[in-house]
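An overview of the molecular structure
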Amino acid sequence: MVSSFTLKAITAFLSASTVTAQLVGKEQTETHPRMAWKRCSGKGGNSCSNVNGEVVIDANWRWLHVKDGYTNCYDGNEWNTTACPDNASCTKNCAIEGADYRATYGITTSSDQLTLKFITKGQYSTNIGSRVYMMKDSSNYEMFNLIGNEFTFDVDLSQLPCGLNGALYFVSMPQKGHGEPGAKYGTGYCDAQCARDLKFVDGQANAEGWEPSSNDQNAGVGKKGACCTEMDVWEANSISTALTPHSCQPEGYFVCEETGCGGTYSLDRYAGTCDANGCDFNPYRVGVTDFYGKGMTVDTSKKFTVVTQFLGSGTDLRELKRFYVQNGRVIVNPEPQIPGMTGNSITQEWCDREQEIFQEEIYPFNKWGGMASMGRGMGLGMVLVMSLWDDHYANMLWLDSSYPTDQDPSKPGIARGSCSTDSGVPADVESNHADAQVIFSNIKFGPIGSTFAQPSGT
Ligand SMILES: *[C@@H]1O[C@H](CO)[C@@H](O)[C@H](O)[C@H]1NC(C)=O
Ligand SMILES: CC(=O)N[C@H]1CO[C@H](CO)[C@@H](O)[C@@H]1O
């Protein structure tokens, strides 16, 4: 057996030899916008105390320039091949900058509220959408342990049309992000699509082999991707909403390569070991077409509260339950209206039935471990992500329209929302809905029953 002294020495040597550092630029100091939230105990949302959090924008949105100048290392959707002939030189030559949250990215906070604007015309660039993470302090992400707890927030997405997604979700990212500058600059992202649009993966530039997108002037796809379990608490606009766990093998952060990544960014969506599709609960998709939308039971023309319960213990996730609160009234999640489908919450049995009734030939959620995998992912602690995005791969039709578009919309599982199948084209939403925005506020977290007054018997 190795003595603890030797073990320490080995660990120190390993990390010294593998740590990668990204340089930090000096043009803009990084000041995270403050965002308060509440930790609750007791019952009914009455005993909650304030937590002073802060948010950080993901590293991918930041200006990356040569370390002793202003030349872009990455411009539009391509790398400068002089500064970045290979990814090791690129990592050494380029510096990542601090963010002007309001002016460049359209991100503002006030007390317990966060506003993400869709299009922001800055002095040097036009920004499209954003992705931020909740932090515990300036260099650590806040890690949420969801099982046995309840997560509640208010959302106003009255100004989010077809094709946009105001998302609130959790991923098993490392608490400190990667290397230097770590979480302070929003590094370390991963998700169940095995994100390959990241300019840096595991602290190394993803430059070699980068393919610029054909329809996104700011994005491309690199050779490497970053994977991990993902709990989509909220993917929504004013038309449709989905609650979706995504399993992964293994659950925690790992790097994948090329087509082997699978997911949205790869030729074979199912080649990887994460579940790109998810086991979703979208009221419209399970036949309840008058529940969620403007003027409906949950009226998306106004702000409302979203409650999500993660029932279970340890790493055993048994059930995902959803409630809404609007105008002081608690609204329970609806029962599916599709023959054979029962239950208004997500359990392993519910996912099995969805696979069967929607006749999903490939159902990667179950293949990669189902609820058991999601539970293990939650056991690692998860980082809270809030984002606003448009979809250059499928125009968000999987959320708010009929999808796949070549199938009969009357077949169970095809219709997901009332948006037209030709809606959601990024060029259209970017020019016609530049003013779109989402506002998240009043986040509360604590044991089941602690964040809102749950009616008995529900
Ligand atoms: C690429 O970077 C080099 C410096 O490394 C710079 O001289 C050159 O102008 C840049 N090219 C473009 C197209 O920005
Ligand atoms: C992180 C990353 O993208 N690394 C790549 C750098 O370049 C080499 C050589 O092409 C690749 O094998 C790595 O995957």
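All values derive from a computational prediction rather than experimental measurement. (Residues numbered from 1 in each chain as written. Chains lettered and ligands numbered in written order. Predicted model: local features only at pLDDT ≥ 70, side-chain atom pairs only at ≥ 80, totals over all residues. Heavy atoms only, no water.)

Glancing now at the environment of Val307. In this fold, Val307 is placed in strand β27 (residues 304-313). Here the alpha-carbon distance between Val307 and Lys117, two residues 190 residues apart in the chain, equals 24 Å. (Helix = DSSP H or I, 4+ residues; strand = E, 2+ residues; numbered from the N terminus.)

In this section: the site of ligand 2. In the neighbourhood of ligand 2, the contacting residues comprise Asn87, Val201, Gln204, Ala205, Asn206, Glu208, Lys224 and Glu257. Measuring from an oxygen atom of ligand 2, one finds a side-chain N or O atom of Glu208 at 2.8 Å. In this structure, Lys224 approaches ligand 2 through a side-chain N or O atom, which is 3.3 Å from an oxygen atom. Relative to its free-state accessible area of 360 Å², ligand 2 is covered by the protein chains to the extent of 71%. The residue makeup of the shell around ligand 2, split by class, is 2 nonpolar, 3 polar and 3 charged. (Near = heavy atom within 4 Å. Polar contact = N/O pair within 3.5 Å; in protein donor to acceptor, adjacent residues only side chain to side chain. Areas by Shrake-Rupley, 256 points an atom, 1.4 Å probe, with all protein chains shown as cover. Nonpolar A, V, L, I, M, F, W, Y, C, P; charged D, E, K, R; others polar.)

In an α-helix, one turn spans 3.6 residues, which is why side chains three or four residues apart end up on the same side. Among the residues of helix α4 (residues 348-357), those classed as buried are Trp350, Cys351, Glu354 and Ile357. On an axial view of α4, the arc spanned by its buried residues comes to 135 degrees, and they lie on one face. Exposed residues lying more than 90 degrees from the buried face of α4 are Glu349 and Glu356. Looking one or two residues beyond α4, the residue adopting positive phi is Gln359, at roughly 50 degrees. (Buried < 20%, exposed > 50% of the residue type's maximum accessible area, 1.4 Å probe, protein only. Arc of directions from axis to C-beta.)

Time to look at the nonpolar core. Considering soluble globular proteins, one finds that nonpolar side chains tend to be buried as a cluster. Ranked by size, the top nonpolar core spans 89 residues in total, and within it Phe151, Phe153, Met231, Trp234, Met378 and Met386 carry the most contacts. With residues up to four places along the chain from it excluded, the contact list for Met386 reads Met35, Val55, Leu114, Leu116, Ser130, Arg131, Val132, Met134, Ala167, Leu168, Phe440 and Ile443. Judged by nonpolar contacts, the second largest core, of 15 residues, contains Leu64, Tyr74, Trp79 and Phe200. (Core = buried A, V, L, I, M, F, W, Y, C linked by side-chain atoms within 4.5 Å. Contact = heavy atoms within 4.5 Å.)

Our next topic: the state of the cysteines. In the structure shown here, the tally under the stated rule is 9 disulfides. Covalently, Cys162 is tied to Cys419 through a disulfide, its sulfur atoms 2.1 Å apart. The disulfide joining Cys162 to Cys419 has a torsion of about -90 degrees about its S-S bond and is therefore left-handed. Of this pair, Cys162 sits in the loop between β15 (149-156) and β16 (164-171) while Cys419 sits in the loop between α7 (397-400) and α8 (426-432), and the two are 257 residues apart along the sequence. (Disulfide = S-S within 2.5 Å.)

Pairing geometry for strand β8 (residues 107-110) and strand β9 (residues 113-117), over 4 bridges, is antiparallel. Considered in β9, the bridge of Ser110 is made with Gln113. In sequence, β8 turns back onto β9 through a hairpin of 2 residues, with Ser111 there showing a positive phi of about 55 degrees. As paired strands, β9 and strand β31 (residues 437-447) are joined by 5 bridges and run antiparallel to one another. Residue pairing across strands places Gln113 opposite Ser441, the latter belonging to β31. (Pairing = 2+ DSSP bridges.)

To continue, consider the layout of surface pockets. Of the volumes computed, that of the second largest pocket is approximately 370 Å³. Taken together, 19 residues make up the lining of the second largest pocket; nearest its centre are Arg196, Glu211, Val221, Tyr265 and Tyr393. Contributions of two or more residues to the lining of the second largest pocket are made by β19 (211-212) and β20 (220-221). By residue class, the composition of the lining of the second largest pocket is 5 nonpolar, 10 polar and 4 charged. (1 Å grid on protein atoms, 1.4 Å probe; cavity = no way out; pocket = protein on both sides within 12 Å on 5 of 7 lines; lining within 4 Å. Points joined across faces, edges and corners; volume = space filled by probe spheres on them.)

If you check the shell around ligand 1, you find Val66, Thr71, Asn80, Thr82 and Ala83 and nothing else. In this structure, Asn80 approaches ligand 1 through a side-chain N or O atom, which is 2.3 Å from an oxygen atom. Protein contacts shield 40% of the accessible area of ligand 1, which totals 370 Å² for the unbound molecule. The residue makeup of the shell around ligand 1, split by class, is 2 nonpolar, 3 polar and no charged.

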